[in-house]
Structures are given as C-alpha cells and as structure tokens.
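Residue-level structure breakdown
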Amino acid sequence: MNQSISPITPMTQLRSALFDEHKVTVFIKRDDLNHPLIQGNKWHKLKLNLQYAQQQNIDTLITFGGAYSNHIAATAYAAKGAGLKSVGYIRGAELAGLPETWSKTLLTAAENGMELRFLTRQAYRDKASKAFTDALHAEFSNGYILPEGGSNDLAIDGFSSLMNDLEQQQPNWTHLYTAVGTGGTLAGLIKHARYKKQRTIQGVAVLKQADYLLPQINRWSSKGLKTLGTEHIKQVNWQLLLNYHGGGYAKLSNELKVFKSDIEAQFHIPLDPIYTVKMVYAFYQELKRGQIKPGATVILLHTGGLQGDG
Ligand SMILES: *Cc1c(COP(=O)(O)O)cnc(C)c1O
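So, here is what we can say about the structure in this document. All figures in this text were calculated on a predicted structure; none of them were measured in a lab. The numbering scheme is per chain: residues are counted from 1 as the chain's sequence reads. In keeping with the predicted nature of the model, local features appear solely for residues at pLDDT of at least 70, side-chain atom pairs appear and are counted solely at 80 or more, and the whole-chain, interface and lining totals rest on all residues. With hydrogens and water excluded, all non-hydrogen atoms of the structure serve as input to the side-chain values.

The next thing to look at is the packing of aromatic side chains. In this scheme Phe, Tyr and Trp rings, the latter by its six-membered ring, pair at centre separations within 6.5 Å, and the angle between planes marks the pair as stacked below 30 degrees, edge-to-face above 60, and tilted otherwise. Summed over all chains, the structure comprises 14 aromatic pairs. Their ring planes at 45 degrees and their centres at 5.0 Å tell us that Tyr52 and Tyr144 sit as a pair that is tilted. Note that Tyr52 is positioned in helix H2 (residues 41–55) and Tyr144 in strand E6 (residues 143–145), a separation of 92 residues in sequence. Given a relative accessible area of 32%, Tyr52 falls into the partly exposed group. Both rings, one in Phe259 and one in Tyr284, keep their centres 5.4 Å apart while their planes meet at 80 degrees; by these two values the pair is edge-to-face. Taken together, the positions of Phe259 in helix H12 (residues 254–267) and Tyr284 in helix H13 (residues 276–288) put the pair 25 residues apart, joining distant regions of the chain. A single burial state applies to Phe259 and to Tyr284, both of which are buried. Secondary structure is summarised from DSSP: a helix means a run of H or I of at least four residues, a strand means a run of E of at least two, and numbering begins at the N terminus for each. To sort residues, take the accessible area from a 1.4 Å probe on protein chains only and compare it with the maximum for the residue type: under 20% means buried, over 50% means exposed, and anything in between is partly exposed.

Take the site of the ligand next. One heavy atom within 4 Å of a molecule or strand makes the whole residue count as near it. In the vicinity of the ligand lie 14 residues, with Lys42, Lys45, Asn70, Thr182 and Thr303 positioned nearest. Pairs of N or O atoms within 3.5 Å make up the polar contacts considered here, provided that, within protein, one atom can donate a hydrogen while the other can accept it, and that residues adjacent in sequence are counted only when both atoms are side-chain atoms. Note that an oxygen atom of the ligand is positioned 2.7 Å from one of the side-chain N or O atoms of Thr185. Here Thr303 contributes a side-chain N or O atom positioned 2.7 Å from a nitrogen atom of the ligand. In this description, accessible areas are obtained by the Shrake-Rupley approach with a 1.4 Å probe, and a residue is regarded as covered only by the protein chains that are shown. For the ligand, whose accessible area on its own is 390 Å², the fraction buried by protein is 97%. Among the elements of the structure, H2 and helix H9 (184–192) are those that each provide at least two residues to the shell around the ligand.

So, about unusual backbone geometry. Residues other than glycine seldom take positive phi values, yet Asn57 does so here, at roughly 55 degrees. Following the sequence through the fold, Asn57 ends up in the loop between H2 and strand E3 (60–65). Its relative accessible area of 62% is what places Asn57 among the exposed residues. One non-glycine residue, Ala250, lies in the positive phi region at around 65 degrees. Of note, Ala250 is situated in the loop between strand E9 (237–241) and H12. By relative accessible area, Ala250 is classed as partly exposed at 44%.

This part takes up the pattern of salt bridges. Side chains that carry opposite charge are capable of pairing whenever their charged atoms lie near each other. A carboxyl oxygen of Asp or Glu within 4 Å of a side-chain nitrogen of Lys or Arg is what we treat as a salt bridge. Here the structure, examined in full by the defined rule, presents 12 salt bridges. Glu167 serves as the salt-bridge partner of Arg199, at 2.9 Å between the closest nitrogen and oxygen. Separated by 32 residues along the polypeptide, Arg199 in the loop between H9 and strand E8 (200–205) and Glu167 in helix H8 (residues 160–169) bring together distant segments of the chain. Classification of Arg199 by relative accessible area gives buried; the value is 0%. Judged by its relative accessible area of 13%, Glu167 falls in the buried class. Bridged by salt links that share partners, the residues Arg91, Lys127 and Glu148 form one connected network.

What follows covers the sheet that holds strand E2 (residues 25–29). Two orientations exist for strands paired in a sheet by backbone hydrogen bonds: parallel and antiparallel. Pairing between two strands is assigned when DSSP locates at least 2 bridges connecting them. Strand order in the open sheet formed by 6 strands is E1-E2-E10-E7-E8-E9, with mixed pairing between adjacent strands. Strands at the two margins of the open sheet, each flanked by one partner only, are strand E1 (11–14) and E9. Strand-to-strand twist in this sheet, taken as the mean axis angle between neighbours without regard to direction, amounts to 25 degrees. Sheet topology note: the E1/E2 ladder contains 4 bridges and is antiparallel. Bridge pairing in E2 links Thr12 to Ile28. Axis geometry follows a simple rule: fit a line to the C-alpha atoms, using only the stretch in contact for helices, then measure angles between N-to-C directions, giving values from 0 to 180 degrees.

Have a look at this one:
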C-alpha cells in the first residue's frame, strides 16, 4: 500500500455560538484527509490486513460490498498498490456486464484492476456459507478473504494508531463520535481507547434496527484486551445510538440534506451523505437534548467516504 500518507491528520476546532452556549469544546478529527482513495476508517481497517497478506504470500484479495461500498473502492486501490490481484463480489446480479449502469465507486474499482463479479441478492446473503467459501478457496489457493466492510480482528487493531493520535492531539477528550456501519470502527476505537471515567464513545448507527450489531461489537472490542497493558484493561464507556439512521442506510431526508449543506457552509468541511452527516447530526441532537454536560471536549471523527459518488 502507498505509505506516503500524512502521518497525522488535523484535529480542527469547530467554533459556534451553540457550542459556547452549551459550554462544550468541539473538534473534528479530519481522518478523511489521510489518503485520497483509501479514506478514513477504510485505511485503518486495511493496513494490518495488507501487511498480513504480504507476509503470507497472498496473491489475491477477495471481498464483498454493495455498488456504493467505500470498502470496495478502498480494497481495489490498496491491492493495486501492494501488487495484489483483487476480486470484488458485488450485490446485484442485474449490474453484470452493464458498466454503463455502474456507480463511480464500481468504475473506479474496476479501473484499479479489481475483477467485479455480481451476485443475486440471495447469493450475496449466502456469501459466508461453507459452500461459497470452499469454492473461493478452491479457485484462489493463495487468496485472502476480507469480509463485507473489511471488519475483522486485524481491522479492529488498525485503530490503535488513530487512538494514540487522539490521545496526543486532544488528551482531554471526553466524548468521541463515530458513524457505524458494520461496527468494526466503533469496536476498534473502544478497544484502543484509554480508559477515563468521564469518557464515552458514541457510535451512530446509519442503518435501521442496528442493535443486532451489539454482540459482535462486544466480541471485537474485548478480544485480546488483557494483553494490551494495564491502562486498557478497563474498557471505556460506550453506546450505540440507534435513532439517527434517518430512515435507513443511504436514506437522506430533506432535513438531513439541509443540515449537511448548513454544516458544510458553516465550517467548510465536506461530509459524506451516508455516514458522517448522520454522525454530526446525532451529536447536534444529543447536545440540544442536554445529553452532553458543560465542560465536555467532544471529538467528531470524520471517517471519510468522500472518494466515491457522494
Ligand atoms: C465504511 C464507513 C463507515 C462505517 O464503518 P464500520 O467499521 O463498517 O462501522 C463509517 N464512515 C465512513 C465514511 C465509511 O466509509
């Protein structure tokens, strides 16, 4: 992978009368600026997986996603940079052979050398079945399968360096907000956060009924915790906010559209329409509802998502 990324992304203070009124200090961690194509959290999730692939003489990365998946775009680009082949299984058999119907995400992935294979919705649901996995291993004897969204144990540990950066840049943080798709990023932040009593990490689910993610987030965030050193043994408080999906995955209400352009105009920071807009909106709602105490130092994690169609 191209390692020439900025070593530490900016932590920018956001100033507004509303924040003064509530006596909170607010920063945005501009992780969208870490890499133009493997943006934000996707870079953290891929980096240890790529190292592993290179150590194991893997020649092909195999992964899964929808037509607008940031993870598909990131994996294609990362594989190319590492000299690996990549195969993307995409939800939606109707897209097969019709590149004129493809999203910019898919076109970019294909340009970066990813072989795209399209699955019916049913086949896509069965992608983790033994039969399908066996067939993949038979076809790609040196292949490495990354799950949908790229979330696995190595991805979770990719957030260790980001949490160290936060600790250096804003050691007094009390609240950290992040958007949640698979929950891999949230789990990584929880696992690698330094415990302080007054701290909390708030995950904002962008899909409906996301409480099914909780057991998996618990497993990921606590795996191997004891080996990390004393200050990590006590897990930081965290919460998954379930009510800010705004109608579901990739649904953007008029209210959210207006909110997005207001925020972008006020702070000159672009948000993506699927993840980060809902995260920032959730923070505003929680603040207005009095959920964030005066004196808090809030970090909004900009996880990227701006390289695709958004
Ligand atoms: C993929 C993505 C997320 C969600 O990350 P998970 O680890 O799947 O929860 C959040 N923000 C952006 C911009 C993303 O592309």
